[in-house]
Amino acid sequence: QVRLVESGGGSVQAGGSLRLTCAASERTPSAWTKAWFRQAPGKDREFVAVMAPSAGSAHYADSVKGRFTISRDKTRNKLYLQMNSLKPEDTAIYYCAAAPRSSTKSGDYSYWGQGTQVTVSS
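To keep things clear, this report deals only with the structure shown in the data block. In this text, all values refer to a predicted model and were calculated from it rather than measured experimentally. (Residues numbered from 1 in each chain as written. Predicted model: local features only at pLDDT ≥ 70, side-chain atom pairs only at ≥ 80, totals over all residues. Heavy atoms only, no water.)

### Details of the environment of Val-50
(1) Moving on: By secondary structure assignment, the location of Val-50 is in strand 5 (residues 46–51).
(2) Moving on: By relative accessible area, Val-50 is classed as buried at 4%.
(3) Moving on: Setting aside its immediate chain neighbours within four residues, Val-50 contacts Thr-33, Lys-34, Ala-35, Ala-58, His-59, Ile-70, Ser-102, Ser-103 and Tyr-109. (Helix = DSSP H or I, 4+ residues; strand = E, 2+ residues; numbered from the N terminus. Buried < 20%, exposed > 50% of the residue type's maximum accessible area, 1.4 Å probe, protein only. Contact = heavy atoms within 4.5 Å.)

### Section: the pairing of strand 4 (residues 33–39)
(1) Moving on: Counting buried positions over the 7 residues of strand 4 gives 6, a clear majority of the element.
(2) Moving on: Note that strand 4 and strand 9 (residues 92–99) share 7 bridges and pair antiparallel. Each residue of the ladder has a partner; that of Arg-38, found in strand 9, is Tyr-94.
(3) Moving on: Two strands pair when backbone bridges link them, and strand 4 and strand 5 are joined in this way by 5 bridges, in the antiparallel orientation. Bridge pairing in strand 5 places Ala-35 opposite Val-50. (Pairing = 2+ DSSP bridges.)

### Some words on the pairing of strand 8 (residues 78–83)
(1) Moving on: Where strand 3 (residues 18–24) meets strand 8, 6 bridges bridge the pair, whose relative direction is antiparallel. Bridge pairing in strand 8 places Thr-21 opposite Tyr-80.
(2) Moving on: With 6 bridges joining them, strand 7 (residues 68–73) and strand 8 adopt antiparallel strand pairing. Paired with Asp-73 across the bridge in strand 8 is Lys-78.
(3) Moving on: A loop of 4 residues connects strand 7 with strand 8, the two strands running antiparallel in sequence, and Asn-77 in this loop sits at a positive phi of about 55 degrees.

### Description of the state of the cysteines
(1) Moving on: Scanning the model with the defined rule gives 1 disulfide in all.
(2) Moving on: Two residues share a disulfide in this structure: Cys-22 and Cys-96, whose sulfurs sit 2.1 Å from each other. Here the S-S torsion is close to 60 degrees, and the disulfide linking Cys-22 with Cys-96 is therefore right-handed. Highlighted residues: Cys-22 in strand 3 and Cys-96 in strand 9, separated in sequence by 74 residues. Cys-96 matches Cys-22 in its accessibility class, with the two residues each being buried. (Disulfide = S-S within 2.5 Å.)

### Some thoughts on the packing of aromatic side chains
(1) Moving on: Applying the stated criterion across every chain, the model contains 6 aromatic pairs.
(2) Moving on: Here Trp-32 and Tyr-111 contribute two aromatic rings whose centre-to-centre distance is 5.6 Å and whose plane-to-plane angle is 40 degrees, an arrangement assigned as tilted. Pair noted here: Trp-32 is in the loop between strand 3 and strand 4 and Tyr-111 is in strand 10 (residues 111–112), with a separation of 79 residues, a long-range link.
(3) Moving on: On the basis of relative accessibility, which here comes to 19%, the residue Trp-32 falls in the buried class.
(4) Moving on: Taking 5.8 Å as the distance between ring centres and 75 degrees as the angle between the ring planes, the aromatic pair formed by Phe-37 and Phe-47 counts as edge-to-face. Within this pair, whereas Phe-37 is found in strand 4, its partner Phe-47 is found in strand 5, the two being separated by 10 residues in sequence.
(5) Moving on: Judged by relative accessible area, Phe-37 falls into the buried class, the value being 0%.
(6) Moving on: Among the residues examined, Phe-47 registers a relative accessible area of 12% and is labelled buried.
(7) Moving on: One aromatic cluster is present, built from ring pairs that chain together Phe-37, Phe-47, Tyr-95, Tyr-109 and Trp-112.
(8) Moving on: Over the ring of Tyr-95 we find Arg-45; its NZ or CZ atom is 3.9 Å from the centre of that ring. (Phe/Tyr/Trp six-rings, centres within 6.5 Å; stacked < 30°, edge-to-face > 60°. Lys NZ or Arg CZ within 6 Å of the ring centre and 35° of its normal.)

Right, here's the structure in full:
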């Protein structure tokens, strides 16, 4: 089965940093697009960042541009999200997802991790 497991979440003060990791199982094709989404309490799941192997570049939500960086380790099939200058509004459960094609829509992804909590205090 395709399995995705997030880790690295935690509680930090505003302005701090965290690095999230998404570990993909061997059944997850390395050529698939992988992305990060987040969901805050009472809100819909929203796009954060995406890394498409064939695209050659990453795409970010406007709210995180200049602060977050998505990257991957091809040999270990891992995805990362480096989050700097964190704000209280970044507080959410962060999920990684995988799909055959690149997309910023959560509905286009069939495989998801369990999520990791990120809490940013003011």
